[in-house]
Amino acid sequence: MLNRDELAEQITRLHERDVREGGQAVRPEDIPVSYDALTTEWLTAVVCREHPGARVTGFSFSEQDDGSTNRRRIFLDYNDAGKQAGLPASVFSKASHSLVSRFNMGLCGAAHGEKMFYTRIRPLLDLEAPRALYSDYDPQSFAGIVVLEDLADQVVFPDQNVHVDWDRATSMVKLLANLHATMHEHAALDSFDMPSWQQWWKRVCDYVYMKETAETGFLAAESVIPARLFARYEEFWPAAMASVAAHDNLPRTLIHNDVHLRNWYLRLPSEMGLMDWQCAAIGNWSRDYSYAMTVALDIEDRRRWEKDLLRLYLDEVAARGAPAPSFDEAWRLYRTQMPSALAWWTNTLRPSELQPQDMQPQDTALTFIGRIAHAMDDLEILDDYA
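1. Regarding helix α10 (residues 233–245)
Part 1 of the reasoning: Of all the positions in α10, only F236, W237, A239, A240, S243 and V244 are classed as buried. Seen from one end, α10 has its buried residues packed into an arc of 165 degrees, which puts them on one side.
Part 2 of the reasoning: Looking at the buried side of α10, the elements it contacts are α7 (197–207), α8 (210–220), α13 (327–336), α14 (338–349) and α16 (382–385).

Laid out in structure tokens, this is it:
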């Protein structure tokens, strides 16, 4: 297995080759190396495969939207057979075309995890999440693309300013309970070739300087971290490491693993859906649940609702036939997972040179860091690790 520097060099070299040589994607097995490489033939193979005679005759793109991946809406024109089939007027794509997006998707294994989710796991789930028409990547260059149903005209994509009220919070809880109960110790977990959360974390630490960026980001976020917690800075990273290690002896399920509010969508007025599955892993439910509730809820709402929401989660898991821990055990696990969620976001505030520098807006990062930090301070989480 290549080390960080070797893999980064390989990705850089092959990205330079792709920029230099270009090439067009025509067959479905061709991985587009840029949006300029898309063709009507490739889009026909992807979008029209279940409708013989239908063809994409033309296409155009929305404005450029780059962050951790390179995202575009693709607007499609069809021949008469395609129009009669009612094929979608647009699809949404997220790709790793730029060098930094290939680092982001390749160094930590995200490209593979996302492909596995959309091609093998999504069909097993009955929950509000996008479906993919295509998902693949090149395991050497990490050029890749996912083509999804376009939800832009159907849902709202929240940011940190969208209020998650009680109804929306309960919708999030029910979706997570559905996911975790459905995949609890599923017989196919080991066949998915998905990393564990512990393996995911180790890759992040090894490949993108996670310790350094998380600690630097913690110091940079002093304005939103309670003074009592900030004063215990030296305990922060060991607690984050311990919170991940706790998964070694916990029941397993599929976890989304990056359940911050901008990875959810809202079908008005209150149904929440979950997208961006590139960090999916095998781990304990508590990673998703603790992360989602502390990031999504306003501080005062979280203080009022966190125990009632946890009880609802446990009831929903049990109702779906999966074993649910006692409330006391679930509350303990909810607490233990906060430090690694905080590190995930302090890293985002000060990413390494191998990560997109505009991965998340600074005001988003500070809002989410502040919410997690206040939860940790309220519940005196670092005392659990002292």
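What follows picks up the thread again.
2. Quick word on α7
Every α-helix winds through 3.6 residues per turn, so residues three or four apart in the chain are directed the same way.
Part 1 of the reasoning: Taken together, the buried positions of α7 are occupied by W197, W200, W201, V204, C205 and Y207.
Part 2 of the reasoning: Just downstream of α7, Y209 is the residue with a positive phi angle, here 55 degrees.

3. Let's talk about the pairing of strand β5 (residues 132–137)
Part 1 of the reasoning: Bridge count between β5 and strand β6 (residues 144–149): 5 bridges; the pairing is antiparallel. Residue pairing across strands places D136 opposite I145, the latter belonging to β6.
Part 2 of the reasoning: Connecting β5 to the antiparallel partner β6 that follows it, the hairpin turn spans 6 residues, and F142 within it adopts a positive phi of roughly 65 degrees.

4. Topic: the pairing of strand β3 (residues 70–78)
Part 1 of the reasoning: As paired strands, strand β1 (residues 56–61) and β3 are joined by 5 bridges and run antiparallel to one another. Of the residues in β3, the one forming a bridge with F59 is L76.
Part 2 of the reasoning: The antiparallel pairing of strand β2 (residues 65–66) with β3 creates a hairpin that spans 3 residues between the two strands.
Part 3 of the reasoning: Across 6 bridges, the pairing between β3 and strand β4 (residues 90–96) is antiparallel. In the strand pairing of β4, R73 is matched with F92.

5. Overview of the nonpolar core
Part 1 of the reasoning: In terms of nonpolar packing, the biggest core is built from 105 residues, with W201 and W344 touching the most fellow members.
Part 2 of the reasoning: Sort the elements by how many residues they give to this core and helix α6 (residues 166–182) lands first, with 8 residues.
Part 3 of the reasoning: Contact partners of W201, with chain neighbours within four places excluded, come to M210, W237, A240, M241, V244, S340, A343 and W344.
Part 4 of the reasoning: Counting 23 residues, the second-largest nonpolar core is a separate cluster that includes L43, L87, V91 and Y134.

6. Some remarks on the packing of α8 against α10
Part 1 of the reasoning: For the pair α8 and α10, the least separation of the axes is 11 Å and the interaxial angle reads 140 degrees. One way to sum up the angle between α8 and α10 is to call them oblique. As α8 runs across α10, the sense of the crossing is right-handed. Two secondary-structure elements touch here, α8 through M210, K211, A214, E215, F218 and L219 and α10 through Y233, F236 and W237.
Part 2 of the reasoning: Classifying every residue of the contact of α8 with α10 by side-chain character gives 7 nonpolar, no polar and 2 charged.

7. A short note on the environment of A8
Part 1 of the reasoning: Note on placement: A8 falls in helix α1 (residues 4–21).
Part 2 of the reasoning: According to the relative accessible area criterion, A8 is buried, its value standing at 12%.
Part 3 of the reasoning: As a C-alpha pair, A8 and Y291 span 283 residues in sequence and 30 Å in three-dimensional space.

The rules we used
Residues numbered from 1 in each chain as written. Predicted model: local features only at pLDDT ≥ 70, side-chain atom pairs only at ≥ 80, totals over all residues. Heavy atoms only, no water. Buried < 20%, exposed > 50% of the residue type's maximum accessible area, 1.4 Å probe, protein only. Helix = DSSP H or I, 4+ residues; strand = E, 2+ residues; numbered from the N terminus. Arc of directions from axis to C-beta. Contact = heavy atoms within 4.5 Å. Pairing = 2+ DSSP bridges. Core = buried A, V, L, I, M, F, W, Y, C linked by side-chain atoms within 4.5 Å. Axes fitted to C-alpha atoms, helices over the stretch in contact; angles between N-to-C directions. Parallel < 35°, antiparallel > 145°, perpendicular 65-115°, else oblique. Left-handed = near helix turned anticlockwise from the far one by under 90°. Nonpolar A, V, L, I, M, F, W, Y, C, P; charged D, E, K, R; others polar.

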